Amino acid sequence: MGETFTGATGFDSIAANLGPHGLDGQFEFPTLWALRDFVARGSGDAQALEDALAASEARWAGSGSVMSPFVGNHDMSRFLTAAAGDDPDHVWTAPPPQPDDEVPYRKLLAAQALVLGLPGAPVLYYGDEYGLAGGNDPDNRRAWPAAPTALQAWTRERIARLGRTRRCSDALRLGVREPLLADGPVYAMRRRWGGAEAVVVLNASPDDRTVALDLPGTWWDAVEDEPGLDPATLLLPAWSARTLLPDADPCSRRIRP
């Protein structure tokens, strides 16, 4: 995996280093910026996110590369800090605090749910699996805390379960991505491989939403370990995501805390 740091439209710069005589994969920067706009800052919409995902897939097609979606790395402020709206320029003299409000953690979890549901090889920069604050480099290299806060423990538990779910699910690791819904702050996609399928749904809104997805049967949500969900009347709390597998999928019974 390599890194060609770009903005939201840096497809050509990244692609120039891919291929049989180049890198096996790279950080997926265009997707990162779209995800930060959509979830962290609430300034984008679901269609813009889908447009970015589709543009990336089209640009890397045929390269043979396995790309790496992610929410942050050592070259930018922490996703949690951006989600809290506390992203100062002068990190040496005024480093951002560790948030004690649940909203930034909910945003981080929602973004990680999408990353862990996308094709490729997801990357988690240390601290982004539980919610570590930090401004731009070098403040984004803080030490591990002696003990996690309650909100950090809450976040880590759910992201760990999402990781176990991806490892178990052929659909999440290998499946073809299919957009299901891109409506304002609500985004949904499906992954399918053989007889396995999985669905990721995001609500990047401060309000609860109910969506109707045309999916048969009942489903299990890996984020909250909740079975028996009806996709036709799916409740999405504010700033949340659901990673859904059919209740009948062996992974939905195997993945437990």
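Below, the structure is looked at part by part. Since we're looking at a predicted model, the values are computed, not measured.

**What about the packing of helix H2 (residues 29-40) against helix H5 (residues 102-115)?**
Look at H2 against H5: their axes get within 10 Å of each other, and the N-to-C directions meet at 140°. Seen along the crossing, H2 lies across H5 with a hand that is right-handed. Facing Leu35, Val39 and Ala40 of H2, the residues of H5 in contact are Lys107, Ala110, Ala111, Leu114 and Val115. Considered class by class, the residues forming the contact of H2 with H5 number seven nonpolar, no polar and one charged.

**Side note on the packing of H2 against helix H3 (residues 46-60)**
Interaxial distance between H2 and H3 falls to 9 Å at its minimum, and their mutual angle equals 175°. Taken as axis vectors, H2 and H3 run roughly antiparallel relative to one another. Where H2 approaches H3, its residues Pro30, Thr31, Ala34, Leu35 and Phe38 are matched on the opposing element by Ala46, Leu49, Ala52, Leu53 and Ser56. Residues belonging to the contact of H2 with H3 are distributed by class as follows: eight nonpolar, two polar and no charged.

**Some details on the nonpolar core**
By size, the foremost hydrophobic cluster in this structure holds 45 residues, and its most contacted members are Leu35, Phe38, Val39, Leu49, Phe79, Leu114 and Tyr187. Top contributing element to this core by residue count: H5, with eight residues. Here Leu114 is in contact with Leu35, Leu49, Tyr187, Met189, Val200 and Leu202, once residues within four sequence places are set aside. Core analysis: the next-biggest nonpolar cluster, separate from the first, contains 13 residues, Trp33, Trp60, Phe70 and Val123 among them.

**What to know about the environment of Val91**
As for its placement among the helices and strands, Val91 is situated in the loop between helix H4 (79-83) and H5. Residues within four places of Val91 in sequence aside, it is in contact with Gly135, Asn136, Asp137, Pro138 and Asp139.

**Remarks on H2**
Within H2, 11 of the 12 residues are buried, which leaves it mostly tucked inside the rest of the structure. Buried residues along H2 sit in contact with helix H1 (11-15), H3, H4, H5, strand E2 (186-193) and strand E3 (196-203).

**Digging into the layout of surface pockets**
What the largest pocket holds in volume is close to 460 Å³. If you trace the largest pocket, you find 23 residues lining it, with Glu57, Trp60, Met67, Pro119 and Gly120 closest to the centre. Looking at the lining of the largest pocket, the elements that each hand over two or more residues are H3, helix H7 (170-174) and strand E1 (176-183). A breakdown of the residues in the lining of the largest pocket according to their chemical character gives 10 nonpolar, eight polar and five charged.

**Considering H5**
Look at H5: 20 Å from first C-alpha to last across 14 residues, which is about the 20 Å you get at 1.5 Å a residue. Inspection of H5 places Pro104, Tyr105, Arg106, Lys107, Leu108, Leu109, Ala110, Ala111, Gln112, Ala113, Leu114 and Val115 among the buried residues, and these make up the whole buried set.

**Some thoughts on unusual backbone geometry**
Between Asp137 and Pro138 the backbone carries a cis peptide bond, its omega angle lying at 15°. By the secondary structure assignment, Pro138 is in the loop between H5 and helix H6 (150-168). Positive phi is not limited to glycine here, since Asp225 has a value of about 55°. Summarising the element assignment, Asp225 is placed in the loop between strand E5 (219-221) and strand E6 (226-229). Even without being a glycine, Trp239 presents a positive backbone phi close to 45°. As for its placement among the helices and strands, Trp239 is situated in the loop between strand E7 (234-236) and strand E8 (240-246).

**Regarding the state of the cysteines**
Enumeration over the complete set of coordinates arrives at one disulfide. Across the disulfide from Cys168 sits Cys251; the S-S distance is 2.0 Å. Because the sign of the S-S torsion sets the handedness, a value of about -90° for the bond joining Cys168 and Cys251 places this disulfide among the left-handed ones. Pair noted here: Cys168 is in helix H6 and Cys251 is in helix H8 (residues 250-254), with a separation of 83 residues, a long-range link. Each member of the pair, Cys168 as well as Cys251, carries the same accessibility label: buried.

**Regarding the packing of aromatic side chains**
Under the definition given, this model contains nine aromatic pairs. Aromatic side chains Phe27 and Phe70 sit 4.6 Å apart centroid to centroid with 45° between the ring planes, which places their arrangement in the tilted category. One end of the pair, Phe27, is in the loop between H1 and H2; the other, Phe70, is in the loop between H3 and H4, and 43 residues separate them in sequence. Accessibility expressed as a relative area gives 9% for Phe27, which makes it buried. Aromatic ring contacts, followed pair by pair, group Phe5, Phe27, Phe29, Trp33 and Phe70 into a single cluster. Sitting over the ring of Trp239, Lys107 keeps its end group 4.3 Å from the ring centre.

Conventions we followed
- Residues numbered from 1 in each chain as written.
- Predicted model: local features only at pLDDT ≥ 70, side-chain atom pairs only at ≥ 80, totals over all residues.
- Heavy atoms only, no water.
- Axes fitted to C-alpha atoms, helices over the stretch in contact; angles between N-to-C directions.
- Helix = DSSP H or I, 4+ residues; strand = E, 2+ residues; numbered from the N terminus.
- Left-handed = near helix turned anticlockwise from the far one by under 90°.
- Contact = heavy atoms within 4.5 Å.
- Nonpolar A, V, L, I, M, F, W, Y, C, P; charged D, E, K, R; others polar.
- Parallel < 35°, antiparallel > 145°, perpendicular 65-115°, else oblique.
- Core = buried A, V, L, I, M, F, W, Y, C linked by side-chain atoms within 4.5 Å.
- Buried < 20%, exposed > 50% of the residue type's maximum accessible area, 1.4 Å probe, protein only.
- 1 Å grid on protein atoms, 1.4 Å probe; cavity = no way out; pocket = protein on both sides within 12 Å on 5 of 7 lines; lining within 4 Å.
- Points joined across faces, edges and corners; volume = space filled by probe spheres on them.
- Expected span 1.5 Å × (residues − 1).
- Disulfide = S-S within 2.5 Å.
- Phe/Tyr/Trp six-rings, centres within 6.5 Å; stacked < 30°, edge-to-face > 60°.
- Lys NZ or Arg CZ within 6 Å of the ring centre and 35° of its normal.

These values are about where atoms sit, not about what they do.
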